Amino acid sequence: MKVLLICALCLVLGCCQQGGALDGGMLYPRESPSRELKELGGLWSFRADWSERRDAGFVEGWYKKPLSQSGPVIDMPVPASFNEITQDPKLRQYIGWVWYEKEVFPPARWLLRDPGTRVVLRVGSANYYSIVWVNGVQVTEHEGGHLPFEAEINQFLRDAPGEPCRITIAVNNTLTPHTLPPGTIHYMENESMYPKGYFVQDTQFDFFNYAGIHRPVLLYTTPLAYIDDITVTTDVMGSVGLVQYLVSVRGSPRYSLTLTLRDQDGVTVATGNGSAGEMKVVNPLLWWPYLMHERPGYLYYLKVDGTVSEDTYTQPVGIRTVQVTRNKFLINGKPFYFHGVNKHEDSDIRGKGLDWPLIMKDFNLLQWLGANSFRTSHYPYAEEIMELCDAYGIVVIDESPAVGMKDSMNFGNKSLQHHLIVMEELIRRDKNRPSVVMWSVANEPASSLPPAGYYFKTVIAHTKATDPTRPVTFITNTNYALDLGAPYVDVICVNSYFSWYHDPGHLEVIRLQLNSQFENWYQTHQKPIIQSEYGADAIAGLHMDPPLMFSEEYQAALLKEYHAVLDQKRKDYVIGELIWNFADFMTNQGTMRVLGNKKGIFTRQRQPKSAAFVLRERYWKLAEECRPLLLVQQKCLSSSVANQMPILGSPRAGD
């Protein structure tokens, strides 16, 4: 009798131990006088486990010796998805365990310091389950992709001073009904049609399931007594900015802390002492979104010094407030309208691997477009991207990897417990980011299923308890009258594709259907609404007049029909619009997709389609329309605060 492949593939359910509640902080690695970094990117040895049960690496102990001694290995870049690096089509579709290995030499000074140095191995993300060994000894494991994990490895380095440190990471991309995102293994039993043991991974999301080590792997050091976590929240009272802080220290029960808050010119604006307290900044420069101020994304820098541990860490801080009313989204007490995009971490060859040139190209395109926001559809994005959002003033709806939850099995207790931990990990990572103004706990779940009400009530309540400072939502495409999760969100986020998936080709029905959508949702829930997805596929260079589906003209015409209704409803309760999608992206092969999803306003290579110019004209116009309102509000404020009010530049800045 055949063993279910879900168990055979995923040793997570067998020999691997489930992760528990979060323990400790997850500060973004930054160099300081007490902290050093060593990047481990580049080429790693790589081997996929092609055994029938995908368990040969564990049975044979590939982690106990150099990976090359276990069998053939190839070079694999890190960070990158492994799927499209080689010419092997089987590796592109591979499901199961893959093994990475790299030998590194930590600096000798890390091992010789007295009283000692703490050395940490950190993985930015790996999809989806990871087990890590150092010199053959397991040091950590982590369930879920898109989020960082780490382990202290001092003792394994000091056991063999002067010898290379062998780091082995096994990564499994198998998805189960209880993972985020969920998936199932479809085992083909008919041996007259499929080879023996043939299986496929089925998912209910529309992007390619890239896998591998997607973000940087590095070593970093701290003193043995170290700053483990920092939590910062901010508020504004009149002309005073309030910065509340909470700092945790590990490694010593005896320590003292001094804190210094400096502006971008290095001028000290406030100081503090101890592990918890509040700083007051007179006439602060607030953190404003892009196009709402002449200095968007203004950051202060909170330096934390441990006077006993001698550890130092600097945390960027943006002073801003967020509030939701029945029909408005307020940043610093002023109405904010989301005019932005949905994105993907996706590009040719490297898949979801971190790619600095692509990241910078995307941010330049966002600014050219006049976009002030995006959603991290449909998973947390790299910390490096989030750093730039903080610095550039790009507002973020930060989304968990809960996409494709279409079956009742996805709403059971096992899924729920994992979902709660994922939200804790996401908040732990991004809680201090001023760019993050709202958490999204899921995308397009089957929220009309009976278990969905309790499920989302629990997830949203837990998210709010973990971070009471931000609103919470999830993105829905369920009928307004049937959605059991909507009563618990702060903002209604609705996806709709009128005249594309519904009434395809009939542009004339969009205005009526979209107006009905908004009215029904608002009358039912009395909450502000974001059009969180809309759009149409367009093949770059395909032109038809009159507009027909898949032409650039049709995509542009569809957007204009949506915009006509959005212009009316944003006067009332619609607070944003996010196009689907920023750029074309890869999907699974299928009869509905020709080398991926073509709903991007840019191609996968970041070249504009006609819709990009339509959206650019609109977004700059929306930004310009805010200017009279903001100037009126300026006159009502004291001069000290008025100096920080938004002053828009040319709506064609960037031309």
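Note that the coordinates shown come from a computational prediction; the quantities given were computed from them, not determined experimentally.

Caption draft 1: Focus on the sheet that holds strand E20 (residues 300-306). Taken together, 4 strands build an open sheet; the order of strands is E18-E17-E20-E21 and the sheet is antiparallel. Two strands in the sheet have a free side with no partner beyond their single neighbour: strand E18 (268-273) and strand E21 (312-317). Sheet twist, expressed as the average angle between the axes of neighbouring strands with direction ignored, equals 20°.

Caption draft 2: Representation of the packing of helix H8 (residues 413-430) against helix H9 (residues 452-466) in the model. For the pair H8 and H9, interaxial distance at closest approach is 10 Å and the crossing angle is 25°. As far as their axial angle goes, H9 and H8 are roughly parallel. Relative to H9, H8 is oriented so that their crossing is right-handed. In this structure, H8 uses Ser415, Leu416, His419, Leu420, Met423, Glu424 and Ile427 to contact H9, whose residues at the interface are Tyr454, Tyr455, Thr458, Val459, His462, Thr463 and Thr466. Class assignment of the residues belonging to the contact of H8 with H9 gives a composition of 7 nonpolar, 6 polar and 1 charged.

Caption draft 3: Molecular detail of H8. In a regular helix each residue adds 1.5 Å, so 18 residues correspond to 26 Å; H8 covers 26 Å between its end C-alpha atoms and thus fits that length. Among the 18 residues of H8, 13 are classified as buried, and the element is accordingly described as predominantly covered.

Caption draft 4: View of the side chain of Thr222. Topologically, Thr222 is positioned in strand E14 (residues 217-223). Excluding residues within four positions of it along the chain, Thr222 makes contact with Ser34, Arg35, Thr117, Arg118 and Asp311.

Caption draft 5: Spatial organisation of the domain arrangement of the chain. As assigned here, the chain comprises domain 1 (36-173 + 209-222), domain 2 (226-320) and domain 3 (336-627). Counting residues at the interface gives 18 residues for domain 2 and 25 residues for domain 3. Buried surface at the junction of domain 2 and domain 3, summed over both partners, amounts to about 1500 Å²; 59% is from carbon and sulfur atoms. The largest share of the area that domain 2 buries against domain 3 comes from Trp287, Tyr290 and Leu291, three residues that together contribute 43% of it. Where domain 2 touches domain 3, the interface holds 1 salt bridge.

Caption draft 6: Representation of the state of the cysteines within the structure. A complete count under the given rule lists 0 disulfides for this structure. The structure places no disulfide on Cys389, whose sulfur is separated from the nearest cysteine sulfur, that of Cys493, by 17 Å.

Caption draft 7: Up close: empty space enclosed by the protein. For the coordinates displayed, the defined rule picks out 7 cavities of 30 Å³ or more. There is about 210 Å³ of room inside the largest cavity. Residue contributions to the lining of the largest cavity peak at 5 residues, all from helix H6 (residues 356-369). Classifying every residue of the lining of the largest cavity gives 9 nonpolar, 5 polar and 8 charged. Of the voids in this model, the second largest cavity is the one considered here, and its volume is about 130 Å³. Every residue lining the second largest cavity is counted, 16 residues in all, and those nearest its centre are Tyr28, Gln315, Arg429, Asn432 and Arg433. Within the residue set of the lining of the second largest cavity, elements represented by two or more residues are strand E15 (226-237), E21, helix H7 (383-392) and H8.

Caption draft 8: Broad picture of the pattern of salt bridges. Taken as a whole, this structure holds 35 salt bridges when the rule is applied. Arg215 is the salt-bridge partner of Glu345, the closest N and O atoms lying 2.8 Å from each other. Of the two residues, Glu345 sits in the loop between strand E25 (338-342) and H6 while Arg215 sits in the loop between strand E13 (212-213) and E14, which places them 130 residues apart along the sequence. One salt bridge in this structure joins Asp567 and Arg618, with 2.9 Å as the shortest N-O distance. Pair noted here: Asp567 is in helix H11 (residues 552-569) and Arg618 is in helix H12 (residues 610-635), with a separation of 51 residues, a long-range link. A relative accessible area of 25% places Asp567 in the partly exposed class.

Caption draft 9: Layout of the packing of helix H10 (residues 510-525) against H11. Look at H10 against H11: their axes get within 9 Å of each other, and the N-to-C directions meet at 40°. One finds that H10 runs oblique with respect to H11. You can see that H10 and H11 cross each other, and the crossing is right-handed. Contacts from Ile510, Arg511, Leu514, Asn515, Phe518 and Glu519 of H10 reach H11 at Leu558, Glu561, Tyr562, Ala564, Val565, Leu566 and Lys569. Here the residues of the contact of H10 with H11 sort into 8 nonpolar, 1 polar and 4 charged.

Conventions we followed
For every chain, the first residue of its written sequence is number 1, and the numbers climb from 1 along that sequence. Per-residue local features of the predicted model are confined to residues with pLDDT of at least 70, and side-chain atom pairs are confined, for both listing and counting, to 80 or more; whole-chain, interface and lining totals are unaffected and use all residues. Remark: hydrogens and water are excluded; side-chain values derive from all non-hydrogen atoms of the structure. Pairs of strands are assigned from DSSP output, requiring at least two bridges between the strands. A run of DSSP states H or I qualifies as a helix once it reaches four residues; a run of E qualifies as a strand once it reaches two. Both are numbered from the N-terminal end. Orientation is described by axes fitted as lines to C-alpha atoms, over the contacting stretch for helices, and by angles from 0 to 180 degrees between their N-to-C directions. In what follows, roughly perpendicular refers to angles from 65 to 115 degrees, roughly parallel to angles under 35, roughly antiparallel to angles over 145, and oblique to any angle outside these ranges. Helix crossings fall into two classes, left-handed where the near helix is turned counterclockwise from the far one by less than a right angle and right-handed where it is turned clockwise. Residues count as neighbours in contact if any of their non-hydrogen atoms are within 4.5 Å of one another. Only Asp, Glu, Lys and Arg are considered charged in this grouping, and only Ala, Val, Leu, Ile, Met, Phe, Trp, Tyr, Cys and Pro are considered nonpolar; every other residue, Gly among them, is considered polar. Multiply 1.5 Å by the residue count of a helix minus one, and that product is the helix's expected span. Partly exposed describes any residue whose relative accessible area lies between the buried limit of under 20% and the exposed limit of over 50%, with all areas from a 1.4 Å probe on protein chains only and scaled to the type maximum. Each domain's extent is set by a domain assignment, obtained either automatically or from a database. Note on definitions: buried area is the accessible-area loss of two parts on being combined, 1.4 Å probe, summed for both. Between Lys or Arg on one side and Asp or Glu on the other, a salt bridge is scored when a side-chain nitrogen of the former is within 4 Å of a carboxyl oxygen of the latter. When the sulfur atoms of two cysteines come within 2.5 Å, that pair is taken as a disulfide. Two kinds of site are reported from a 1 Å grid over the protein atoms alone, namely cavities, where a 1.4 Å probe fits but cannot get out, and pockets, open sets with protein on both sides within 12 Å along at least five of seven lines, and residues are called lining when an atom falls within 4 Å of a point. Grid points are joined across faces, edges and corners, and a volume is the space filled by probe spheres set on the points.

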